[in-house]
Amino acid sequence: MSVGEVAARSGAAVSALHFYETKGLIGSWRTAGNQRRYPPGTLRRVGIIQFGQSLGIPLAEIKEALDTLPKDRAPLKQDWERLSQQWAGKLDDRIARLKKLRAALTDCIGCGCLSTELCPLRNPADRLARKGSGPRRLLGD
């Protein structure tokens, strides 16, 4: 398929497809006329990339998962099952963190920050800095 066909069928911009290719997420070859051609499996890969990005999964993690798929043939059911199992734990962790964030934000918004002693985001005197950067309480510290 040409880059235009992949773009039309996947809904991804041509520039996004070129970007995915530079990052090693998809691959193509060149015709004698120097036009890119993509194998049919590219549509499935682009679908996974788009869906993963919509869930906030970094491209590096998506690439890591796609790298487990065979390069010399179309992935079989077993290949997709293996990829799914590898992602299951990461997705479960992401779901748990999102639920924790939702609960913390609901409590915070609900209290209106009238009680800074009980606020789950409170970090007096930046004591949690020694545990690392970022929202330490939301990360489980």
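Scoring rules and cut-offs
- Residues numbered from 1 in each chain as written.
- Predicted model: local features only at pLDDT ≥ 70, side-chain atom pairs only at ≥ 80, totals over all residues.
- Heavy atoms only, no water.
- 1 Å grid on protein atoms, 1.4 Å probe; cavity = no way out; pocket = protein on both sides within 12 Å on 5 of 7 lines; lining within 4 Å.
- Points joined across faces, edges and corners; volume = space filled by probe spheres on them.
- Nonpolar A, V, L, I, M, F, W, Y, C, P; charged D, E, K, R; others polar.
- Salt bridge = Lys/Arg side-chain N within 4 Å of Asp/Glu carboxyl O.
- Helix = DSSP H or I, 4+ residues; strand = E, 2+ residues; numbered from the N terminus.
- Buried < 20%, exposed > 50% of the residue type's maximum accessible area, 1.4 Å probe, protein only.
- pLDDT = per-residue confidence, 0-100.
- Lys, Arg positive; Asp, Glu negative; His and termini not counted.
- Polar contact = N/O pair within 3.5 Å; in protein donor to acceptor, adjacent residues only side chain to side chain.
- Contact = heavy atoms within 4.5 Å.
- Patch = residues over 30% accessible without salt bridge, like charges linked within 9 Å, V, L, I, M, F, W, Y side chains within 5 Å.
- Areas by Shrake-Rupley, 256 points an atom, 1.4 Å probe, with all protein chains shown as cover.

S.K.: I'd like a rundown of the layout of surface pockets, residues and numbers included.
M.R.: The calculated volume of the largest pocket comes to roughly 300 Å³. If you go around the largest pocket, you meet 16 residues; those closest to its centre are Pro39, Thr42, Arg45, Pro70 and Lys71. For the lining of the largest pocket, the class distribution of residues is eight nonpolar, five polar and three charged.

S.K.: Outline the pattern of salt bridges, supporting the account with residue identities and numerical values.
M.R.: Oppositely charged side chains can form a pair if their charged atoms are brought close together. Counting across every chain of the model gives six salt bridges. One salt bridge connects Arg82 with Asp79, and the closest N-O pair in it is separated by 3.4 Å. Of this pair, Arg82 and Asp79 both sit in helix H5 (residues 77-111), three residues apart, which is roughly one turn of the helix. Look at Asp79 and you get buried, because its relative accessible area is 5%.

S.K.: So what's going on with unusual backbone geometry? Residues and values would help.
M.R.: One non-glycine residue, Asn34, adopts positive backbone phi at about 65°. When you line up the elements, Asn34 lands in the loop between strand S1 (29-30) and strand S2 (36-37).

S.K.: I'd love a proper account of the environment of Ile57, names of residues and values included.
M.R.: Tracing the chain through its elements places Ile57 in the loop between helix H3 (42-54) and helix H4 (59-66). Each C-alpha atom of the pair Ile57 and Lys90 lies 9.6 Å from the other, and the pair is 33 residues apart in sequence.

S.K.: Give a detailed account of the confidence of the model for the protein, specifying residues and quantitative values.
M.R.: Confidence in the prediction for the protein averages 84 pLDDT; 84% of positions are at 70 or higher. Per-element averaging of pLDDT across the protein places H5 at the bottom with 81 and helix H2 (residues 14-22) at the top with 96.

S.K.: Help me get a handle on the side chain of Arg45, residues and values and all.
M.R.: Along the chain, Arg45 turns up in helix H3. Despite its burial, Arg45 pairs with no opposite charge; the closest candidate is Asp67, at 5.6 Å N-O. There is a polar contact of 3.2 Å between the side chain of Arg45 and the backbone oxygen of Leu25. Dropping the residues within four chain positions of it, Arg45 is found in contact with Leu25, Ile26, Leu66, Leu69, Pro70 and Lys71.

S.K.: A description of a nonpolar patch on the surface should follow, citing residues and the corresponding values.
M.R.: Residues Leu98, Leu101 and Leu105 make up a contiguous nonpolar surface patch of roughly 240 Å² in combined accessible area. If you trace the backbone, Leu105 turns up in helix H5. Using a relative accessible area of 36% as the deciding quantity, one classes Leu105 as partly exposed.

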